[in-house]
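Coordinate analysis (summary)
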Amino acid sequence: MLKKTVLTGAAGLGLLVGLTAGAQAQMTDITLQLKWVTQSQFAGYYVAQDKGFYEEEGLDVTINPGGPDIAPPQLIAGGGADVIVEWMPAALAARERGVPLVNIAQPFERSGMMLTCREDTGIESPEDFPGKTLGVWFAGNEYPFLAWMARLGLATDGSDGGVTVLRQGFNVDPLIQGQADCVSTMTYNEYWQVIDAGFTPEQLVVFPYADQGVATLEDGLYVDENRLEDPEFVEAMGKFVRASMKGWEYARENPEEAAMIVLENDASGAQTEEHQVRMMGEIAKLLASGDGAGRLDPAAYEQTVETLLSSGGDSPVISQAPEGAWTHAIVDAAGL
């Protein structure tokens, strides 16, 4: 996917051709695959593209949105992307299954995942979960939930003393319609869909995964480990990460403008200005900032691995601690 295109100025005379030969500019093509649809969750990349930060680095970046039928690890394994945005649980699970994903940067420092429950169900703490129906996202998003239930000692097969898992679509309808007592939400997205549906914060009880000790890293940047053997690829990814973090910093400081840039890139027309501006404000709370922003914190990585290893059951998320699943080589190349 990664290639170089030589751009030359038009020159009609041999002399001018000679003069311009040394001034040729090279642009490196990079394809980024997002985890989900175009929204402020990915504002930093769209801002970097819109503001010319990628171009300044000599990069021509194509940003492909995701969706419910798109699995970034499968795409990168098939050569459909150079770099992907993925949650670490899904990335580590894919690595154990043979897709050699490596985390090269971690723009998101904190988890935004929550379980949001209706207050009228009587749920006040995790001790009230037994016998309840909990909405859970799958396609790799279920891993932190399964780890949490394992820690609580709760079966997830609907048996006595455990919980019933409802395979939740990427909406909050089960909570609104009373089909589930709790549903999966993100602080920056689905929680606000519940509020917009007419619920007040007082009618909801939220359980941030971070507060439950089962937070895992989200929205990291991953590449195929084999490609890190190519110095040109490492250099290009360093430029990409540097420009992307510049985009994220701009988005943090200019949330309304960043949201508008996202809307300009929303080919579906499904997003609204109000929702995207609000989302960008919440996303800003999850981003790493200051010196070293974008560098994976080894301690946070170890916590994610520990959480996943504790998931237990017949089909654990990962069966052993992975090796070589992250590198600072790219952020070092980026000067971060």
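Heads up: the structure comes first, above all this text.
First, a word on scope: everything that follows refers to the structure included in this document. Since the model is a prediction, treat every value here as computed from it, not as a measurement. (Residues numbered from 1 in each chain as written. Predicted model: local features only at pLDDT ≥ 70, side-chain atom pairs only at ≥ 80, totals over all residues. Heavy atoms only, no water.)

Below, the discussion takes up the overall build of the protein chain. For the protein chain, the helix and strand inventory stands at 13 helices and 11 strands. Counting only C-alpha atoms and orienting by the principal axes, one finds that the protein chain spans roughly 85 × 45 × 35 Å. Buried positions account for 50% of the 336 residues belonging to the protein chain. Total accessible area on the protein chain is roughly 14700 Å²; 47% of this is exposed by carbon and sulfur atoms. Within the protein chain, the 49 negative side-chain charges are centred at a point lying 4 Å from the centre of the 19 positive side-chain charges. (Helix = DSSP H or I, 4+ residues; strand = E, 2+ residues; numbered from the N terminus. Buried < 20%, exposed > 50% of the residue type's maximum accessible area, 1.4 Å probe, protein only. Areas by Shrake-Rupley, 256 points an atom, 1.4 Å probe, with all protein chains shown as cover. Lys, Arg positive; Asp, Glu negative; His and termini not counted. Charge placed at Lys NZ, Arg CZ, Asp CG, Glu CD.)

Here we take up the side chain of Glu142. Relative to the helices and strands, Glu142 resides in the loop between β7 (133–136) and α6 (143–152). Leaving out residues up to four positions away in the same chain, Glu142 has contacts with Val136 and Trp137. (Contact = heavy atoms within 4.5 Å.)

Below, the discussion takes up helix α12 (residues 298–309). Counted at 1.5 Å a residue, the expected span for α12 with its 12 residues is 16 Å, and the 16 Å between its end C-alpha atoms agrees. Listed as buried for α12 are Tyr301, Thr304, Val305, Thr307 and Leu308. Burial along α12 is one-sided: seen end-on, the buried residues are contained in an arc of 160 degrees. Pointing more than 90 degrees away from the buried face of α12 are the exposed residues Ala299 and Glu306. Contact partners of the buried residues in α12: α5 (88–96) and α6. If you check the start of α12, you find a side-chain oxygen 3.0 Å away from the backbone N of Ala299, and it comes from Asp297. (Expected span 1.5 Å × (residues − 1). Arc of directions from axis to C-beta. Polar contact = N/O pair within 3.5 Å; in protein donor to acceptor, adjacent residues only side chain to side chain.)

Burial analysis of strand β9 (residues 182–186) places 5 of its 5 residues in the buried class, which makes it a mostly covered element. Along β9, one buried face is formed by Cys182, Ser184 and Met186 and the opposite face, lined by Val183 and Thr185, is buried too.

With a phi close to 50 degrees, Asp219 is a non-glycine residue in the positive phi region. Looking at where Asp219 falls in the secondary structure, it is placed in the loop between β10 (204–208) and β11 (220–224). Taking relative accessible area as the criterion, Asp219 reaches 2% and is therefore assigned buried.

Summed over all chains, the structure comprises 13 salt bridges. Of the charged contacts, one joins Glu257 and Lys51 as a salt bridge, the two residues approaching to 2.5 Å between their closest N and O atoms. Placement of the pair is Glu257 in helix α10 (residues 255–264) and Lys51 in the loop between α2 (43–50) and α3 (53–56), with a sequence separation of 206 residues. For Lys51, a relative accessible area of 30% corresponds to the partly exposed category. Glu109 is the partner of Arg110 in a salt bridge, and the nearest nitrogen-oxygen pair spans 2.4 Å. With relative accessibility at 37%, the residue Arg110 sits in the partly exposed group. Accessibility expressed as a relative area gives 45% for Glu109, which makes it partly exposed. (Salt bridge = Lys/Arg side-chain N within 4 Å of Asp/Glu carboxyl O.)

In this structure the tally under the stated criterion is 12 aromatic pairs. Judged by centre distance (4.5 Å) and plane angle (40 degrees), the ring pair of Trp36 and Phe170 falls under tilted. Within this pair, whereas Trp36 is found in the loop between β2 (25–33) and α2, its partner Phe170 is found in the loop between β8 (164–167) and α7 (173–176), the two being separated by 134 residues in sequence. Classification of Trp36 as buried rests on a relative accessible area of 18%. Phe170 gets classed as partly exposed once you look at its relative accessible area, which sits at 33%. On the basis of an interplanar angle of 20 degrees and a centroid distance of 6.0 Å, the ring pair of Trp137 and Phe170 is categorised as stacked. With a gap of 33 residues between them, Trp137 in the loop between β7 and α6 and Phe170 in the loop between β8 and α7 connect regions that are remote in the sequence. You can call Trp137 buried: its relative accessible area is 3%. An aromatic cluster of three or more residues is present, and its members are Tyr45, Tyr54, Phe108, Phe240 and Trp248. The lysine or arginine in question, Lys35, covers the ring of Trp87, its NZ or CZ lying 5.1 Å from the ring centre. Here the guanidinium or amino end of Arg167 rests over the ring plane of Phe138, the centre of that ring lying 3.8 Å away. (Phe/Tyr/Trp six-rings, centres within 6.5 Å; stacked < 30°, edge-to-face > 60°. Lys NZ or Arg CZ within 6 Å of the ring centre and 35° of its normal.)

Below, the discussion takes up the packing of helix α9 (residues 231–253) against α10. Between α9 and α10, whose axes approach to 5 Å, the crossing angle comes to 120 degrees. Relative to α10, the element α9 is oriented oblique. Contact with α9, carried on its side by Tyr250, Ala251, Arg252 and Glu253, involves Pro255, Glu257 and Ala258 of α10 and no other residues of that element. Grouping the amino acids of the contact of α9 with α10 by side-chain chemistry returns 4 nonpolar, no polar and 3 charged. (Axes fitted to C-alpha atoms, helices over the stretch in contact; angles between N-to-C directions. Parallel < 35°, antiparallel > 145°, perpendicular 65-115°, else oblique. Nonpolar A, V, L, I, M, F, W, Y, C, P; charged D, E, K, R; others polar.)

The next thing to look at is α5. The element α5 is largely enclosed, with a buried count of 8 among its 9 residues. Burial in α5 covers these residues: Met88, Pro89, Ala90, Ala91, Leu92, Ala93, Ala94 and Arg95. Taken together, the buried residues of α5 touch α4 (72–77), β4 (83–86), β5 (101–105), α6, β11 and α12. Of the residues flanking the end of α5, it is Gly98, one or two places downstream, whose phi is positive at about 115 degrees.

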